[in-house]
Amino acid sequence: MLKDIADKVRFGKRLSAEDALALFRSEDIFSVARLASRVAAKKNGRRAYFVINRHINPTNICINRCRFCAFSRSKGEPGSFELTIEEILSKLKAQKSKNKAALREIHIVGGLHPDWPFEYYQEMLSAVKRSYPHAAIKAFTAVEIDHFSAISGLSANEVLARLRKSGLDAMPGGGAEIFARGVRKSLCPEKITGERWLEIHSRAHLLGIPTNATMLYGHIESLEERVDHFLRLRDLQDKTGGFQAFIPLAYHPRNTDIGGFYSSGIDDLRTIAVSRLFLDNFDHIKAYWIMLGEKVAQMALLFGADDLDGTVVEEKITHSAGAMSGEALTRQEMENLIRKAGKTPVERDAFYSPV
Ligand code: V47
Ligand code: SF4
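What you see is a predicted model, and the numbers here were worked out from it, not measured in a lab. (Residues numbered from 1 in each chain as written. Chains lettered and ligands numbered in written order. Predicted model: local features only at pLDDT ≥ 70, side-chain atom pairs only at ≥ 80, totals over all residues. Heavy atoms only, no water.)

Chemist: Residue-level account of the side chain of R234, with values.
Modeler: Tracing the backbone shows R234 in helix α10 (residues 223-240). Buried and without a salt bridge, R234 has D280 as its closest oppositely charged side chain, separated by 4.6 Å. A distance of 3.2 Å separates a polar side-chain atom of R234 from the backbone oxygen of F278. Those residues in contact with R234 that sit more than four places away from it in its chain are R14, L15, F278, L279, D280 and N281. (Helix = DSSP H or I, 4+ residues; strand = E, 2+ residues; numbered from the N terminus. Buried < 20%, exposed > 50% of the residue type's maximum accessible area, 1.4 Å probe, protein only. Lys, Arg positive; Asp, Glu negative; His and termini not counted. Salt bridge = Lys/Arg side-chain N within 4 Å of Asp/Glu carboxyl O. Polar contact = N/O pair within 3.5 Å; in protein donor to acceptor, adjacent residues only side chain to side chain. Contact = heavy atoms within 4.5 Å.)

Take a look at the structure:
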């Protein structure tokens with residue numbers, strides 16, 4: 001079976017859902033890794049990308065309260081926070097004074113605040129763009145875009161168009177979780193459907209806004225549901241070509257409603273490899289070191305990943321749920337992780353151009 005899949009990969013033939021399941025179930029993880037690695041090398045040579053970036057969460061107040069999310073709070077609950085635009089700018093300034101002019105990407109995501117108007121988010125982007133014209137703003141998940149549409153009465157398309165005018169350059173891949181309806185209902189009943197997530201990304205792509213895609217795995221989903229998730233992403237990518245990277249997100253169980261266990265290192269690496277093999281129309285597979293830990297992320301470079309995300313600086317979503325990684329890496333540390341995996345570090349901008 002693995003041999004048939006290897007032949008398909010060699011001849012550049014597309015894998016079926018059954019192939020993906022067989023790869024997930026194969027006990028020969030080293031052969032799966034070798035295949036994925038070969039595909040990654042064809043796409044990206046020996047290059048492994050990273051970006052000097054900074055994550056900002058404007059608020060953790062969220063009306064959705066997904067059951068796997070340890071980051072969110074309700075309004076007025078201890079631990080809830082709301083940043084003003086000045087506070088956001090001063091966080092960025094603190095970073096800049098340490099690492100002058102190096103910031104290439106500002107990643108902004110947060111909860112669905114019950115009271116903030118859509119104008120606040122537009123002003124936020126404009127203010128960040130004014131202060132950092134050379135950094136790309138990658139902001140707001142499809143879940144937030146849908147929320148802005150609901151509070152403003154504008155279509156998601158109009159919301160995206162206005163945000164783009166305010167400085168939005170790209171969108172992150174969060175909020176995808178698992179598209180399958182049953183899992184979504186038990187994990188995050190208030191969240192937009194998988195279909196709506198895909199529709200909003202498709203709108204963004206048509207407006208020329210590149211986006212990423214994620215999958216939250218290692219909780220209650222089946223392997224079939226992971227493969228269904230891959231299939232829907234691959235189908236949309238065939239239509240629009242607007243996805244830049246796929247990022248498997250390893251579930252973290254601490255302080256969440258659903259509890260459970262951390263994903264295993266084996267599952268992390270296998271999920272990277274299968275996604276590399278199945279998502280043949282994605283240029284990049286990102287091993288997000290915050291969730292995988294620095295060492296598993298480094299190993300993932302031998303399992304088909306070609307990107308480690310970035311310096312991050314401050315991370316609240318995974319750390320609220322028990323992340324064991326640090327919150328920041330320097331450029332030198334990222335380069336060192338990549339070199340020691342036998343790859344060539346390439347500092348990139350938000351669009352995968354080397355800088
Ligand atoms: O949407 C929430 C996930 C996502 C938990 O696009 C959890 O470049 C694990 O999407 N355990 C946000 N995951 C992070 C994200 C992301 C990160 C880095 C880069 C990019 C990109 C996107 O985190 C959420 C949700 O899917 N999440 N809770 C948890 N307990
Ligand atoms: Fe809100 Fe996002 Fe957390 Fe869900 S995952 S509760 S939408 S912040």
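And the narrative resumes.
Chemist: Tell me about the site of ligand 1, and please be specific about residues and values.
Modeler: Around ligand 1 there are 24 residues in total, and F68, K138, G173, E177 and K286 lie nearest to it. Taking G173, its main chain carries an N or O atom lying 2.8 Å from an oxygen atom of ligand 1. Measuring from an oxygen atom of ligand 1, one finds a backbone N or O atom of G175 at 2.9 Å. Taking 610 Å² as the accessible area of ligand 1 by itself, protein coverage stands at 95%. Contributing elements (two or more residues each) for the shell around ligand 1: β6 (211-217) and β7 (243-250). Tallied by class, the residues present in the shell around ligand 1 amount to 12 nonpolar, 8 polar and 4 charged. (Near = heavy atom within 4 Å. Areas by Shrake-Rupley, 256 points an atom, 1.4 Å probe, with all protein chains shown as cover. Nonpolar A, V, L, I, M, F, W, Y, C, P; charged D, E, K, R; others polar.)

Chemist: I'd like a rundown of the side chain of D19, residues and numbers included.
Modeler: Relative to the elements of secondary structure, D19 occurs in helix α2 (residues 17-25). Classification of D19 as buried rests on a relative accessible area of 6%. Beyond its immediate stretch of four places on either side in the chain, D19 contacts M1, I5 and K8.

Chemist: Give me the pattern of salt bridges: which residues, what numbers.
Modeler: Using the criterion set out here, one finds 27 salt bridges in the structure. Put simply, E77 and R65 hold a salt bridge, and the shortest N to O gap is 3.0 Å. Of this pair, E77 sits in the loop between β2 (53-56) and α4 (85-98) while R65 sits in the loop between β2 and α4, and the two are 12 residues apart along the sequence. Overall, E77 belongs to the partly exposed group, its relative accessible area being 29%. A relative accessible area of 31% means that R65 is categorised as partly exposed. With its nearest N and O atoms 2.4 Å apart, the salt bridge here joins D115 to K75. Within this pair, whereas D115 is found in the loop between β3 (105-108) and α5 (118-131), its partner K75 is found in the loop between β2 and α4, the two being separated by 40 residues in sequence. One connected set of salt bridges, linked through shared partners, spans E105, K138, D307 and R348.

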